[in-house]
Amino acid sequence: MTQADISAFDRANEAVAFLRSSLPEELQSPKVAIVCGSGLGGLADTVHAEGRAEYDYASIPHFPRPTVAGHAGKLVFGLLGRKIPAVLMVGRAHYYEGHSMDQVTFPIRVFKQLGVDTVVLTNAAGGLNSDYCVGDIVMLNDHIFLAGLAGVHPLRGPNEDEFGVRFPPLSDAYDLDLRRQVHQAWKQVIPAQSTRKLHEGVYAFVGGPTYETRAESRMLRMLGADVVGMSTVPEIVVARHCGLRVLAFSLVTNNAVLAPVPRGDEQLLQGKDAGELNAIIEEGKAGHEEVLEAGRNAALDMQKLVLQSLVSVFGQA
């Protein structure tokens, strides 16, 4: 029997049974799950060392394995704020790695079966909104899922009735109370003199692994997207199908290039050598290393914000 022959419900329960066979009792039913995106694995440092348990994805039945730098591939169980039982994904698998939509969202099903109520998702994203700067944090309040609209969708196929309804709504996907708590937490943990800003905005999912062209970036901006990335939205769709509360953050790690490509016959280009032309065309080009570097620089602020928000939500210090 292949994995495709086993329902997501049964696969999730098998993974949960494996985890609970060795987890301490106080961690067997975590309240919150956190997905750590590119360069944001430091969020796992907010888990107290005492009682902490870690599992490589490779050891967990049916769990997808990431192959991208900055995604360690381990599940961490522990206490946040000393009293909040949590599970953290340090790294995620992506659709562009060759995984199916079912595979990249499978961990969310596992979280549901573990008893998780709230899922916090983080990612590194390109900024489309000109008001956003590298290092800013964007709390998502909506998304554009072009792949899903075209049928590349994590809920495609027979509905898993044990998790949710056939046609789940997404107009309420991003929990309003959680977002309110984050704004309050921001004022508590981020110094007023900090240049880093907290925004609310719309995330556009693209399949990747290429970064967007200038024309694609302009199109997404015209459609209403503020940030763009290659993850998170499929996970959110499945989380809402499971009835989980969702809170999601993007760290702006680069500014997408929206200016049109220079024409080859522009007068200002005449007489320039190949090096000068390359410098013009490559201005603002995104790279994975800068994504990871921006993640490292903002990690502490992201950690403080997420932790304080969850402490406020669950009322525990």
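Note that the coordinates shown come from a computational prediction; the quantities given were computed from them, not determined experimentally.

1. Regarding the overall build of the protein chain
Scanning the protein chain from terminus to terminus reveals 8 helices and 9 strands. Relative to its 317 residues, the protein chain shows a buried fraction of 51%. Considering only residue pairs separated by 6 or more positions, the protein chain has 82% of its internal contacts joining residues 24 or more positions apart. Of the roughly 14,400 Å² of accessible surface on the protein chain, 52% is carried by carbon and sulfur atoms.

2. Comments concerning the pattern of salt bridges
Summed over the entire model, instances satisfying the criterion amount to 12 salt bridges. A salt bridge links aspartate 177 to arginine 245; the nearest nitrogen and oxygen atoms lie 3.4 Å apart. With aspartate 177 in helix H4 (residues 176–189) and arginine 245 in strand E9 (residues 245–255), this residue pair connects regions lying 68 residues apart in the sequence. Here aspartate 177 falls in the partly exposed class, since its relative accessible area comes to 29%. Residues aspartate 301 and lysine 304 are paired through a salt bridge, measuring 3.5 Å at the closest nitrogen-oxygen approach.

3. Some points on the UniProt feature "binding site: phosphate" (unreviewed entry) in the protein chain
Per the UniProt annotation, the sites labelled "binding site: phosphate" (unreviewed entry) are Ser38, His71, Arg92, Ala93, His94, Ala124 and Ser231. Take serine 38: it is sitting in the loop between strand E1 (32–36) and strand E2 (53–56). Among the residues examined, serine 38 registers a relative accessible area of 12% and is labelled buried. Along the chain, arginine 92 falls in the loop between strand E4 (84–90) and helix H2 (101–114).

4. Digging into the packing of aromatic side chains
In the structure shown here, the tally under the stated rule is 6 aromatic pairs. Ring geometry for phenylalanine 9 and phenylalanine 163: centres 5.7 Å apart, planes at 70°, overall edge-to-face. Taken together, the residues span a long stretch of sequence, with phenylalanine 9 in helix H1 (residues 8–20) and phenylalanine 163 in the loop between helix H3 (146–149) and H4 at a distance of 154 residues. Phenylalanine 163 sits in the buried class, given a relative accessible area of 6%.

5. As for the side chain of serine 231
Assignment of secondary structure puts serine 231 in the loop between strand E8 (227–229) and helix H6 (233–241). Residue serine 231 is classed as buried on the basis of its relative accessible area of 8%. In this structure the side chain of serine 231 is engaged in a polar contact, spanning 3.4 Å, whose partner is the side chain of arginine 92.

6. As for the pairing of strand E5 (residues 118–127)
The buried count for E5 comes to 10 of 10 residues, which makes it a mostly enclosed element. Strand direction decides the pairing type here: E1 and E5, joined by 4 bridges, are parallel. Each residue of the ladder has a partner; that of isoleucine 34, found in E5, is valine 120. Here E5 runs beside E9; their pairing, made up of 10 bridges, is parallel. The residue bridging glycine 127 from the neighbouring strand is asparagine 255, located in E9. As paired strands, E5 and E8 are joined by 2 bridges and run antiparallel to one another. Note that in E8 the partner of glycine 127 across the bridge is valine 227.

7. Comments concerning the packing of H2 against H6
As a packed pair, H2 and H6 sit with axes 9 Å apart at the nearest point and diverge in direction by 50°. On the basis of the axis angle, H2 is oblique to H6. The handedness of the crossing between H2 and H6 is right-handed. Of the residues in H6, those in contact with Met101, Val104, Thr105, Ile108 and Arg109 of H2 are Pro234, Glu235, Val238, Ala239 and His241. Its residues assigned to classes, the contact of H2 with H6 comprises 6 nonpolar, 2 polar and 2 charged.

The rules behind these values
Residues numbered from 1 in each chain as written. Predicted model: local features only at pLDDT ≥ 70, side-chain atom pairs only at ≥ 80, totals over all residues. Heavy atoms only, no water. Helix = DSSP H or I, 4+ residues; strand = E, 2+ residues; numbered from the N terminus. Buried < 20%, exposed > 50% of the residue type's maximum accessible area, 1.4 Å probe, protein only. Contact = heavy atoms within 4.5 Å. Areas by Shrake-Rupley, 256 points an atom, 1.4 Å probe, with all protein chains shown as cover. Salt bridge = Lys/Arg side-chain N within 4 Å of Asp/Glu carboxyl O. UniProt positions renumbered as here; feature names shortened; annotations may be inferred. Phe/Tyr/Trp six-rings, centres within 6.5 Å; stacked < 30°, edge-to-face > 60°. Polar contact = N/O pair within 3.5 Å; in protein donor to acceptor, adjacent residues only side chain to side chain. Pairing = 2+ DSSP bridges. Axes fitted to C-alpha atoms, helices over the stretch in contact; angles between N-to-C directions. Parallel < 35°, antiparallel > 145°, perpendicular 65-115°, else oblique. Left-handed = near helix turned anticlockwise from the far one by under 90°. Nonpolar A, V, L, I, M, F, W, Y, C, P; charged D, E, K, R; others polar.

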